Amino acid sequence: MGMVMCQSNRMAIIQKNSMKFSSLFSVFACAIFLVSCVSTKSLKFDSVKKEANALFSQEKYNEALALYNTVDSLCYDSILLHNACLSALKTDQFPVVLKYLKAYKGAENDVVVKNELSALLDSMERFSRSVYCFEDEIPTLKRICGEDYTNEKFALYYSYINSSKVVDLYDKLVSKEVRSACFPTYFSNVKNNLEEKILVDKCKSALADNENQVVALKYLGVVQYNKSERDYKNAMDEYNKNKNQTTYAYLRRDLKVISKDYIKSRDYLNKVHALDPDDVQVIKILININNRLDQPAKAKALQKLLK
(Lines give C-alpha, C1' and ligand atoms only; values in the text may rest on other atoms or scores of the structure.)
Protein backbone atom coordinates (compact mmCIF):
# COMPACT_ATOMS: atom_id res chain seq x y z
CA MET A 1 0.00 0.00 0.00
CA GLY A 2 2.88 2.41 0.91
CA MET A 3 4.68 1.66 -2.35
CA VAL A 4 1.54 2.41 -4.36
CA MET A 5 1.17 5.78 -2.62
CA CYS A 6 4.83 6.61 -3.26
CA GLN A 7 4.50 5.84 -6.93
CA SER A 8 1.32 7.90 -7.07
CA ASN A 9 3.11 10.90 -5.46
CA ARG A 10 6.02 10.55 -7.90
CA MET A 11 3.64 10.58 -10.83
CA ALA A 12 1.89 13.67 -9.47
CA ILE A 13 5.21 15.50 -9.05
CA ILE A 14 6.32 14.50 -12.54
CA GLN A 15 3.03 15.73 -13.99
CA LYS A 16 3.28 18.99 -12.03
CA ASN A 17 6.85 19.59 -13.17
CA SER A 18 5.85 18.75 -16.72
CA MET A 19 3.08 21.34 -16.59
CA LYS A 20 5.47 23.96 -15.20
CA PHE A 21 7.95 23.23 -17.94
CA SER A 22 5.21 23.40 -20.53
CA SER A 23 4.04 26.74 -19.13
CA LEU A 24 7.58 28.17 -19.05
CA PHE A 25 8.17 26.94 -22.57
CA SER A 26 4.99 28.70 -23.72
CA VAL A 27 6.06 31.96 -22.08
CA PHE A 28 9.52 31.64 -23.58
CA ALA A 29 8.07 30.91 -27.00
CA CYS A 30 5.77 33.93 -26.74
CA ALA A 31 8.67 36.12 -25.70
CA ILE A 32 10.73 34.95 -28.67
CA PHE A 33 7.76 35.60 -30.94
CA LEU A 34 7.25 39.12 -29.57
CA VAL A 35 10.95 39.95 -29.84
CA SER A 36 10.87 38.64 -33.36
CA CYS A 37 7.86 40.81 -34.18
CA VAL A 38 9.40 43.91 -32.57
CA SER A 39 12.67 43.24 -34.35
CA THR A 40 10.86 42.87 -37.68
CA LYS A 41 8.82 46.01 -36.96
CA SER A 42 11.97 47.92 -35.98
CA LEU A 43 13.74 46.85 -39.17
CA LYS A 44 10.74 47.96 -41.19
CA PHE A 45 10.68 51.40 -39.54
CA ASP A 46 14.46 51.74 -39.89
CA SER A 47 13.96 51.45 -43.61
CA VAL A 48 11.13 54.03 -43.53
CA LYS A 49 13.20 56.44 -41.46
CA LYS A 50 16.14 56.09 -43.83
CA GLU A 51 13.92 56.93 -46.79
CA ALA A 52 12.29 59.82 -44.93
CA ASN A 53 15.67 61.24 -43.90
CA ALA A 54 16.79 61.13 -47.52
CA LEU A 55 13.71 63.10 -48.57
CA PHE A 56 14.31 65.58 -45.75
CA SER A 57 17.88 66.18 -46.90
CA GLN A 58 16.46 66.99 -50.35
CA GLU A 59 14.11 69.53 -48.71
CA LYS A 60 11.08 67.48 -49.74
CA TYR A 61 9.42 68.23 -46.43
CA ASN A 62 5.87 67.14 -47.22
CA GLU A 63 7.00 63.78 -48.53
CA ALA A 64 9.41 63.25 -45.65
CA LEU A 65 6.77 64.15 -43.08
CA ALA A 66 4.27 61.74 -44.62
CA LEU A 67 6.75 58.91 -43.97
CA TYR A 68 7.72 60.10 -40.49
CA ASN A 69 4.03 60.04 -39.59
CA THR A 70 3.92 56.28 -40.28
CA VAL A 71 6.67 55.47 -37.78
CA ASP A 72 5.58 54.03 -34.44
CA SER A 73 6.42 56.35 -31.52
CA LEU A 74 8.41 53.52 -29.90
CA CYS A 75 10.85 53.77 -32.78
CA TYR A 76 11.45 57.53 -32.55
CA ASP A 77 15.02 58.75 -32.27
CA SER A 78 16.56 62.23 -32.02
CA ILE A 79 17.24 62.44 -35.77
CA LEU A 80 13.66 61.58 -36.64
CA LEU A 81 12.27 64.06 -34.10
CA HIS A 82 14.59 66.82 -35.30
CA ASN A 83 13.71 66.24 -38.96
CA ALA A 84 10.00 65.69 -38.33
CA CYS A 85 9.72 68.89 -36.27
CA LEU A 86 11.42 70.93 -38.96
CA SER A 87 9.39 69.31 -41.74
CA ALA A 88 6.16 70.15 -39.93
CA LEU A 89 7.33 73.69 -39.15
CA LYS A 90 8.35 74.37 -42.73
CA THR A 91 5.03 73.11 -44.08
CA ASP A 92 2.85 74.90 -41.48
CA GLN A 93 1.35 71.66 -40.18
CA PHE A 94 0.85 73.00 -36.68
CA PRO A 95 -0.83 70.08 -34.85
CA VAL A 96 1.92 67.81 -36.21
CA VAL A 97 4.58 70.29 -35.04
CA LEU A 98 3.27 69.99 -31.51
CA LYS A 99 2.99 66.20 -31.70
CA TYR A 100 6.71 65.87 -32.35
CA LEU A 101 7.73 68.71 -30.03
CA LYS A 102 5.98 66.99 -27.12
CA ALA A 103 7.87 63.77 -27.90
CA TYR A 104 11.19 65.56 -28.44
CA LYS A 105 12.57 65.86 -24.92
CA GLY A 106 15.82 67.47 -26.07
CA ALA A 107 14.17 70.10 -28.26
CA GLU A 108 15.23 72.94 -25.93
CA ASN A 109 18.86 72.09 -26.77
CA ASP A 110 18.24 71.81 -30.51
CA VAL A 111 19.22 75.27 -31.72
CA VAL A 112 17.76 74.85 -35.22
CA VAL A 113 14.37 73.63 -34.02
CA LYS A 114 14.26 76.25 -31.27
CA ASN A 115 15.05 79.07 -33.72
CA GLU A 116 12.46 77.86 -36.24
CA LEU A 117 9.81 77.58 -33.52
CA SER A 118 10.70 81.03 -32.17
CA ALA A 119 10.39 82.51 -35.65
CA LEU A 120 6.98 80.89 -35.95
CA LEU A 121 5.78 82.36 -32.65
CA ASP A 122 7.12 85.71 -33.79
CA SER A 123 4.61 85.78 -36.64
CA MET A 124 1.48 84.26 -35.12
CA GLU A 125 -0.74 86.78 -36.91
CA ARG A 126 0.15 84.83 -40.06
CA PHE A 127 -1.78 81.78 -38.86
CA SER A 128 -4.43 83.23 -36.55
CA ARG A 129 -6.90 80.40 -37.16
CA SER A 130 -4.44 77.82 -35.86
CA VAL A 131 -3.15 79.63 -32.78
CA TYR A 132 -5.51 77.60 -30.59
CA CYS A 133 -3.28 74.57 -31.26
CA PHE A 134 -0.37 76.33 -29.59
CA GLU A 135 -2.50 77.73 -26.76
CA ASP A 136 -3.24 74.12 -25.75
CA GLU A 137 0.47 73.33 -25.54
CA ILE A 138 1.92 76.45 -23.90
CA PRO A 139 3.95 74.41 -21.34
CA THR A 140 5.71 72.66 -24.24
CA LEU A 141 6.47 76.01 -25.90
CA LYS A 142 7.79 77.43 -22.63
CA ARG A 143 10.03 74.39 -22.19
CA ILE A 144 11.62 74.95 -25.57
CA CYS A 145 11.55 78.72 -26.11
CA GLY A 146 11.54 79.89 -22.52
CA GLU A 147 8.73 81.29 -20.37
CA ASP A 148 9.46 85.00 -20.90
CA TYR A 149 9.74 84.66 -24.67
CA THR A 150 6.54 82.63 -24.94
CA ASN A 151 4.61 85.08 -22.73
CA GLU A 152 5.83 88.00 -24.82
CA LYS A 153 4.86 86.47 -28.16
CA PHE A 154 1.38 85.54 -27.00
CA ALA A 155 0.88 88.95 -25.37
CA LEU A 156 1.88 90.70 -28.60
CA TYR A 157 -0.43 88.45 -30.59
CA TYR A 158 -3.36 89.09 -28.24
CA SER A 159 -2.70 92.81 -28.56
CA TYR A 160 -2.66 92.47 -32.33
CA ILE A 161 -6.12 90.86 -32.34
CA ASN A 162 -7.35 93.08 -29.49
CA SER A 163 -8.05 90.14 -27.19
CA SER A 164 -8.74 90.41 -23.46
CA LYS A 165 -6.36 87.46 -22.97
CA VAL A 166 -3.54 89.98 -22.85
CA VAL A 167 -4.70 90.95 -19.34
CA ASP A 168 -3.51 87.65 -17.85
CA LEU A 169 -0.05 88.07 -19.37
CA TYR A 170 0.63 91.80 -19.00
CA ASP A 171 1.99 91.72 -15.44
CA LYS A 172 4.23 88.77 -16.34
CA LEU A 173 6.01 90.64 -19.12
CA VAL A 174 9.66 91.39 -18.45
CA SER A 175 10.49 93.61 -21.43
CA LYS A 176 9.36 97.22 -21.04
CA GLU A 177 9.19 97.51 -24.84
CA VAL A 178 6.73 94.62 -25.02
CA ARG A 179 4.72 95.98 -22.08
CA SER A 180 4.54 99.32 -23.86
CA ALA A 181 3.35 97.70 -27.09
CA CYS A 182 0.67 95.76 -25.21
CA PHE A 183 -0.46 98.57 -22.89
CA PRO A 184 -3.20 100.10 -25.08
CA THR A 185 -5.00 96.76 -25.47
CA TYR A 186 -4.38 95.85 -21.84
CA PHE A 187 -5.68 99.19 -20.57
CA SER A 188 -8.80 99.13 -22.74
CA ASN A 189 -9.70 95.79 -21.15
CA VAL A 190 -9.16 96.80 -17.51
CA LYS A 191 -10.23 100.47 -17.38
CA ASN A 192 -13.86 99.59 -16.63
CA ASN A 193 -13.01 97.02 -13.97
CA LEU A 194 -10.42 98.74 -11.77
CA GLU A 195 -10.59 101.72 -9.42
CA GLU A 196 -9.36 105.06 -10.70
CA LYS A 197 -6.43 105.10 -8.26
CA ILE A 198 -5.19 101.75 -9.54
CA LEU A 199 -5.61 102.88 -13.14
CA VAL A 200 -3.61 106.04 -12.43
CA ASP A 201 -0.80 103.91 -11.00
CA LYS A 202 -0.95 101.63 -14.05
CA CYS A 203 -0.63 104.65 -16.35
CA LYS A 204 2.30 106.08 -14.42
CA SER A 205 4.06 102.74 -14.66
CA ALA A 206 3.33 102.67 -18.39
CA LEU A 207 4.96 106.10 -18.74
CA ALA A 208 8.03 104.76 -16.94
CA ASP A 209 8.24 102.18 -19.74
CA ASN A 210 7.53 104.72 -22.48
CA GLU A 211 7.20 108.45 -21.85
CA ASN A 212 5.19 108.81 -25.07
CA GLN A 213 2.53 106.25 -24.17
CA VAL A 214 -0.46 108.15 -25.55
CA VAL A 215 -3.13 106.08 -23.80
CA ALA A 216 -1.54 106.66 -20.39
CA LEU A 217 -0.93 110.37 -21.02
CA LYS A 218 -4.52 110.93 -22.08
CA TYR A 219 -6.01 109.04 -19.16
CA LEU A 220 -3.91 110.94 -16.63
CA GLY A 221 -4.65 114.25 -18.34
CA VAL A 222 -8.41 113.66 -18.46
CA VAL A 223 -8.55 112.42 -14.85
CA GLN A 224 -6.64 115.49 -13.69
CA TYR A 225 -8.85 117.75 -15.81
CA ASN A 226 -12.07 116.26 -14.41
CA LYS A 227 -10.79 116.74 -10.87
CA SER A 228 -9.82 120.34 -11.63
CA GLU A 229 -13.25 121.02 -13.14
CA ARG A 230 -15.02 119.63 -10.07
CA ASP A 231 -12.85 121.67 -7.74
CA TYR A 232 -13.32 124.82 -9.85
CA LYS A 233 -17.11 124.50 -9.90
CA ASN A 234 -17.25 123.77 -6.17
CA ALA A 235 -15.12 126.80 -5.42
CA MET A 236 -17.28 129.04 -7.64
CA ASP A 237 -20.49 127.65 -6.11
CA GLU A 238 -19.23 128.41 -2.61
CA TYR A 239 -18.30 131.94 -3.59
CA ASN A 240 -21.59 132.58 -5.40
CA LYS A 241 -23.55 131.58 -2.31
CA ASN A 242 -22.12 134.48 -0.35
CA LYS A 243 -20.10 137.06 -2.23
CA ASN A 244 -17.97 139.27 -0.03
CA GLN A 245 -14.33 140.21 0.44
CA THR A 246 -13.64 137.24 2.70
CA THR A 247 -15.17 134.63 0.38
CA TYR A 248 -13.43 136.30 -2.56
CA ALA A 249 -10.10 135.93 -0.79
CA TYR A 250 -10.87 132.23 -0.23
CA LEU A 251 -11.82 131.89 -3.89
CA ARG A 252 -8.54 133.42 -5.07
CA ARG A 253 -6.64 131.09 -2.74
CA ASP A 254 -8.50 128.04 -4.03
CA LEU A 255 -8.14 129.06 -7.67
CA LYS A 256 -4.34 129.24 -7.32
CA VAL A 257 -4.28 125.62 -6.18
CA ILE A 258 -6.76 124.56 -8.86
CA SER A 259 -4.74 126.37 -11.54
CA LYS A 260 -1.74 124.21 -10.70
CA ASP A 261 -3.91 121.14 -11.23
CA TYR A 262 -5.12 122.51 -14.56
CA ILE A 263 -1.50 123.00 -15.59
CA LYS A 264 -0.72 119.36 -14.72
CA SER A 265 -3.61 118.27 -16.91
CA ARG A 266 -2.51 120.58 -19.72
CA ASP A 267 1.03 119.21 -19.60
CA TYR A 268 -0.24 115.67 -20.13
CA LEU A 269 -2.70 116.66 -22.85
CA ASN A 270 -0.23 118.87 -24.73
CA LYS A 271 1.93 115.79 -25.14
CA VAL A 272 -1.07 113.83 -26.38
CA HIS A 273 -1.90 116.59 -28.86
CA ALA A 274 1.69 116.60 -30.16
CA LEU A 275 1.58 112.82 -30.63
CA ASP A 276 -2.01 112.65 -31.93
CA PRO A 277 -3.04 116.02 -33.40
CA ASP A 278 -6.39 114.67 -34.63
CA ASP A 279 -7.81 113.82 -31.20
CA VAL A 280 -10.76 116.23 -31.04
CA GLN A 281 -11.62 115.43 -27.42
CA VAL A 282 -8.15 116.49 -26.32
CA ILE A 283 -8.33 119.73 -28.34
CA LYS A 284 -11.63 120.68 -26.72
CA ILE A 285 -10.31 120.01 -23.23
CA LEU A 286 -7.17 122.06 -23.93
CA ILE A 287 -9.32 124.98 -25.13
CA ASN A 288 -11.25 124.96 -21.87
CA ILE A 289 -8.10 124.62 -19.75
CA ASN A 290 -6.47 127.61 -21.45
CA ASN A 291 -9.60 129.66 -20.92
CA ARG A 292 -9.63 128.69 -17.24
CA LEU A 293 -5.98 129.74 -17.00
CA ASP A 294 -6.79 133.07 -18.66
CA GLN A 295 -4.81 132.33 -21.82
CA PRO A 296 -7.34 133.16 -24.55
CA ALA A 297 -4.76 133.36 -27.37
CA LYS A 298 -3.83 129.71 -26.92
CA ALA A 299 -7.47 128.77 -26.68
CA LYS A 300 -8.28 130.58 -29.95
CA ALA A 301 -5.36 128.91 -31.74
CA LEU A 302 -6.70 125.52 -30.72
CA GLN A 303 -10.25 126.52 -31.59
CA LYS A 304 -9.18 127.04 -35.21
CA LEU A 305 -8.20 123.35 -35.40
CA LEU A 306 -11.85 122.36 -34.94
CA LYS A 307 -13.06 124.20 -38.06
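Values in this document were obtained by computation on a predicted structure and should not be read as measured data. Counting of residues starts from 1 at the beginning of each chain's written sequence and follows it residue by residue. Where local features are concerned, this predicted model is filtered to residues with pLDDT of at least 70; where side-chain atom pairs are given and counted, the filter is 80 or more; whole-chain, interface and lining totals use all residues. To obtain the side-chain values, all non-hydrogen atoms of the structure were used and water was disregarded.

**Section: the overall build of the protein**
For the protein, the helix and strand inventory stands at 15 helices and zero strands. Relative to all contacts within the protein whose residues are 6 or more apart in sequence, the contacts with residues 24 or more apart total 52%. In these tables, accessible area is a Shrake-Rupley quantity obtained with a 1.4 Å probe, and a residue counts as shielded only by the protein chains included in the view. Total accessible area on the protein stands at roughly 18,900 Å², and carbon and sulfur atoms take up 55% of it. Strands are runs of DSSP state E lasting at least two residues, helices are runs of H or I lasting at least four, and both sets are numbered from the N terminus onward. In what follows, residue pairs with any heavy atoms lying within 4.5 Å of each other are defined as contacts.

**What about the nonpolar core?**
Side chains of a nonpolar character, in soluble globular proteins, are inclined to be buried together. Counting 82 residues, the largest nonpolar core has Tyr-100, Leu-101, Leu-117 and Phe-134 as the members making the most contacts within it. Residue contributions to this core peak at nine residues, all from helix H12 (residues 214–241). For Leu-101, the residues in contact, after removing those within four places along its chain, are Cys-85, Ala-107, Val-113, Leu-117, Thr-140, Arg-143 and Ile-144. Joining through side-chain atoms within 4.5 Å is the link that ties buried Ala, Val, Leu, Ile, Met, Phe, Trp, Tyr and Cys residues into a set, and such a set is a nonpolar core. Think of it in three bands: with a 1.4 Å probe and only protein chains considered, a residue is buried below 20% of the maximum accessible area for its type, exposed above 50%, and partly exposed in between.

**What to know about the environment of Ala-181**
Mapped onto the elements of the fold, Ala-181 is located in helix H10 (residues 176–190). Between the C-alpha atom of Ala-181 and that of Tyr-160, which follows or precedes it by 21 residues, the distance is 9.5 Å. In this structure, Ala-181 is in contact with Leu-156 and Ser-159, ignoring residues within four places of it in sequence.

**Things to note about the packing of aromatic side chains**
Here a Phe, Tyr or Trp ring, Trp counted by its six-membered ring, pairs with any other such ring whose centre lies within 6.5 Å, and the pair is stacked when the planes are under 30 degrees apart, edge-to-face when over 60, and tilted otherwise. Inspection of the entire model under this criterion finds 15 aromatic pairs. Their ring planes at 65° and their centres at 6.5 Å tell us that Tyr-232 and Tyr-262 sit as a pair that is edge-to-face. Here Tyr-232, found in helix H12, pairs with Tyr-262, found in helix H13 (residues 245–275); they are 30 residues apart in sequence, far enough to count as distant. Taking relative accessible area as the criterion, Tyr-232 reaches 21% and is therefore assigned partly exposed. Given the relative accessible area of 1%, Tyr-262 is considered buried.

**Observations regarding the environment of Lys-227**
Tracing the backbone shows Lys-227 in helix H12. Judged by relative accessible area, Lys-227 falls into the partly exposed class, the value being 36%. Along the chain, Lys-227 and Ser-265 lie 38 residues apart, while their C-alpha atoms are 9.5 Å from each other. We define a polar contact as two N or O atoms separated by no more than 3.5 Å, with the added condition that, inside protein, one atom must be a possible hydrogen donor and the other a possible acceptor, whereas residues neighbouring each other in sequence contribute only through side-chain atom pairs. Polar side-chain contacts of Lys-227 include one of 3.4 Å to the side chain of Asp-261.

**Some thoughts on the pattern of salt bridges**
For this analysis, a salt bridge means a side-chain nitrogen from Lys or Arg found within 4 Å of a carboxyl oxygen belonging to Asp or Glu. One pass over the full model with this rule turns up 19 salt bridges. Between Lys-90 and Glu-116 there is a salt bridge; the shortest N-O distance is 3.4 Å. Highlighted residues: Lys-90 in helix H3 (residues 78–90) and Glu-116 in helix H5 (residues 111–121), separated in sequence by 26 residues. Overall, the relative accessible area of 40% leaves Lys-90 in the partly exposed class. The partly exposed category is assigned to Glu-116, whose relative accessible area is 29%. Ionic pairing is found between Asp-201 and Lys-197, a salt bridge with its closest N-O pair at 3.7 Å.

**Describing the confidence of the model for the protein**
The share of residues in the protein with pLDDT of 70 or more is 86%, and the mean pLDDT across the chain is 88. In this model, residues 1–6 is a region of pLDDT below 50 whose contacts with residues beyond four sequence positions or in other chains number zero contacts. Ignoring residues within four places in sequence, the model shows residues 27–38, a span with pLDDT below 50, making zero contacts including any to other chains. pLDDT is defined as a per-residue confidence score from the predictor, taking values between 0 and 100.

**Some details on H13**
Over its 31 residues, H13 extends 44 Å from the first C-alpha to the last, a length consistent with the 45 Å expected when each residue adds 1.5 Å. Of the positions making up H13, those classed as buried are Thr-247, Leu-251, Ile-258, Asp-261, Tyr-262, Ser-265, Arg-266, Leu-269, Val-272 and His-273. For H13, the secondary structure elements touched by its buried residues are H12, helix H14 (280–292) and helix H15 (296–303). With a side-chain oxygen positioned 2.9 Å from the backbone nitrogen of Thr-246, the residue opening H13 is Asn-244. Here a helix's expected span is defined as the number of its residues, less one, multiplied by 1.5 Å.

**What to know about unusual backbone geometry**
The residue Asp-92 is not glycine, and still its phi comes out positive at about 55°. As for its placement among the helices and strands, Asp-92 is situated in the loop between H3 and helix H4 (94–103). Look at Asp-294: it is not a glycine, yet its phi comes out positive at around 60°. As for its position among the elements, Asp-294 is in the loop between H14 and H15.

**What about the packing of H3 against H4?**
To define axes, lines are fitted to C-alpha atoms, for helices over the stretch in contact only, and angles between the resulting N-to-C directions are given on a 0 to 180 degree scale. Contact pair H3 / H4: the axes reach a minimum separation of 8 Å and the direction vectors enclose 155°. By the criterion of interaxial angle, the relationship of H3 to H4 is roughly antiparallel. Handedness of the H3/H4 crossing: left-handed. Facing Leu-80, Leu-81, Ala-84, Cys-85, Ala-88 and Leu-89 of H3, the residues of H4 in contact are Val-96, Val-97, Tyr-100, Leu-101 and Ala-103. For the contact of H3 with H4, the per-class residue count stands at eleven nonpolar, no polar and no charged. An angle below 35 degrees is read as roughly parallel, one above 145 as roughly antiparallel, one from 65 to 115 as roughly perpendicular, and any other as oblique. In this scheme the handedness of a crossing depends on how the near helix is turned from the far one: anticlockwise by less than a right angle means left-handed, clockwise means right-handed. For this scheme, ten residues count as nonpolar: Ala, Val, Leu, Ile, Met, Phe, Trp, Tyr, Cys and Pro. Four count as charged, namely Asp, Glu, Lys and Arg, and the remainder, Gly too, count as polar.

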